[in-house]
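Each chain is listed here by its residues.
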Amino acid sequence: MLDRFITPVIKPLLAPAVLLLDKKNVHPDQLTLVGFGLGMLAVPLLALQFWYGALFFIALNRIIDGLDGALARHQKHTSAAGGYLDICLDFLFYAAIPLGFALANPNENALAAAVLLSVFIGTGSSFLAFGIPAEKLNLPRPQFANKSFYFLNGLTEGTETIAFFVAFCLWPTYFPQLAYSFAFLGAITIFTRIHGGYYTLKNQLVKGAKAQKSAVKEPTT
């Protein structure tokens, strides 16, 4: 929900780092892989209950995630392959954080983590599944025109996810309550995405059928 507002604010802040990385001939896909590797270091730290250390690597992962796309656009290296790699590793990273909390305290956190992971599957699948027909139908995406993949809005997006991850690390004893709250918001996102996506695609197909019929009825000269 907040991504459309946060993204324009963050872009100028990343510009100096993008210029430096470009000068060092860093490829965006290399940056994506490094960011993923650093982000995954949060999992063992969470399991060992080093909350602030885990938070550092979570934050580092998210900063690099913003840099790789900005660098790709700066170098004109945007590609379907790079976008695919980025989104896959993002979802793997997101899923790993609740796992880390489950490992830290299985008795208290495992059920909440499992619920949150099941919601992550729903938000991820509704997001990714819509992108396939949306790309095929060439649906407009004015809010995320620079993205290599079609982004379907929702109540819980990247900004909200990171906000909750930060809260998990700052108040780890409240992980179950926070996880259930985030899962509830994520369930709303699943419903709105499936409902909105279904009717968007259905209306688009109806418009296409009407356009075809109008073309057939036009007299030939």
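It should be emphasised that the depicted structure is a prediction, and the values quoted were computed from it without experimental measurement.

Definitions and limits used
Residues numbered from 1 in each chain as written. Predicted model: local features only at pLDDT ≥ 70, side-chain atom pairs only at ≥ 80, totals over all residues. Heavy atoms only, no water. Helix = DSSP H or I, 4+ residues; strand = E, 2+ residues; numbered from the N terminus. Buried < 20%, exposed > 50% of the residue type's maximum accessible area, 1.4 Å probe, protein only. Contact = heavy atoms within 4.5 Å. Areas by Shrake-Rupley, 256 points an atom, 1.4 Å probe, with all protein chains shown as cover. Polar contact = N/O pair within 3.5 Å; in protein donor to acceptor, adjacent residues only side chain to side chain. Phe/Tyr/Trp six-rings, centres within 6.5 Å; stacked < 30°, edge-to-face > 60°. Axes fitted to C-alpha atoms, helices over the stretch in contact; angles between N-to-C directions. Parallel < 35°, antiparallel > 145°, perpendicular 65-115°, else oblique. Left-handed = near helix turned anticlockwise from the far one by under 90°. Nonpolar A, V, L, I, M, F, W, Y, C, P; charged D, E, K, R; others polar.

K.L.:
Could you give an account of the overall build of the protein, naming the residues involved and the relevant values?
P.N.:
Looking only at helices and strands, one finds 8 helices and 0 strands in the protein. For the protein, buried positions account for 39% of its 221 residues. For the protein, the proportion of contacts with a sequence separation of at least 24, taken over those separated by at least 6, is 76%. With an accessible surface of roughly 12,800 Å², the protein has 69% of that area assigned to carbon and sulfur atoms.

K.L.:
Describe the environment of histidine 74, naming the residues involved and giving the relevant values.
P.N.:
Its location among the elements puts histidine 74 in helix H4 (residues 51–75). The exposure class of histidine 74 is partly exposed, given its relative accessible area of 37%. The spatial distance from the C-alpha of histidine 74 to the C-alpha of aspartate 22 is 8.1 Å, given a sequence separation of 52 residues. A polar atom in the side chain of histidine 74 sits 3.3 Å from the side chain of aspartate 22.

K.L.:
Give me the packing of aromatic side chains: which residues, what numbers.
P.N.:
For the structure shown, the criterion picks out 15 aromatic pairs. When the centroid spacing of 4.5 Å and the interplanar angle of 10 degrees are considered together, the rings of phenylalanine 164 and phenylalanine 182 count as stacked. Taken together, the residues phenylalanine 164 in helix H7 (residues 158–170) and phenylalanine 182 in helix H8 (residues 175–217) connect sequence positions 18 residues apart. The exposure classification of phenylalanine 164 matches that of phenylalanine 182, with both residues buried. Between phenylalanine 165 and phenylalanine 168 the ring centres are 6.0 Å apart and the planes differ by 40 degrees, which places this aromatic pair in the tilted class. One end of the pair is phenylalanine 165 and the other is phenylalanine 168, both in helix H7 and 3 residues apart, which spans about a single turn. Taking relative accessible area as the criterion, phenylalanine 168 reaches 0% and is therefore assigned buried. Site record: aromatic cluster; members linked through ring pairs are Trp51, Phe91, Phe93, Tyr94, Phe101, Phe120, Phe127, Phe164, Phe165, Phe168, Phe175 and Phe182.

K.L.:
How would you sum up the environment of phenylalanine 57? Please name residues and give values.
P.N.:
Along the chain, phenylalanine 57 turns up in helix H4. Of the residues examined, phenylalanine 57 reaches a relative accessible area of 19% and is grouped as buried. Remark: the alpha-carbon pair of phenylalanine 57 and glycine 39, spanning 18 residues in sequence, is separated by 5.2 Å. Those residues within four positions of phenylalanine 57 in sequence are excluded, and the remaining contacts are Leu38, Gly39, Leu41, Ala42 and Leu45.

K.L.:
Before we move on, can you summarise the packing of helix H5 (residues 80–104) against helix H6 (residues 106–136) with the specific residues and values?
P.N.:
Helix packing for two helices is described by the angle between their axes and how far apart those axes are. Between H5 and H6, whose axes approach to 7 Å, the crossing angle comes to 165 degrees. Our classification of the angle between H5 and H6 gives roughly antiparallel. For the pair H5 and H6, the sense of crossing is right-handed. Mapping the contact onto sequence places Ile87, Phe91, Tyr94, Ala95, Pro98, Phe101, Ala102, Leu103 and Ala104 in H5 and Pro106, Asn109, Ala110, Ala113, Leu116, Leu117, Phe120, Gly124, Phe127 and Leu128 in H6. When the residues that make up the contact of H5 with H6 are grouped by side-chain class, the tally is 17 nonpolar, 2 polar and no charged.

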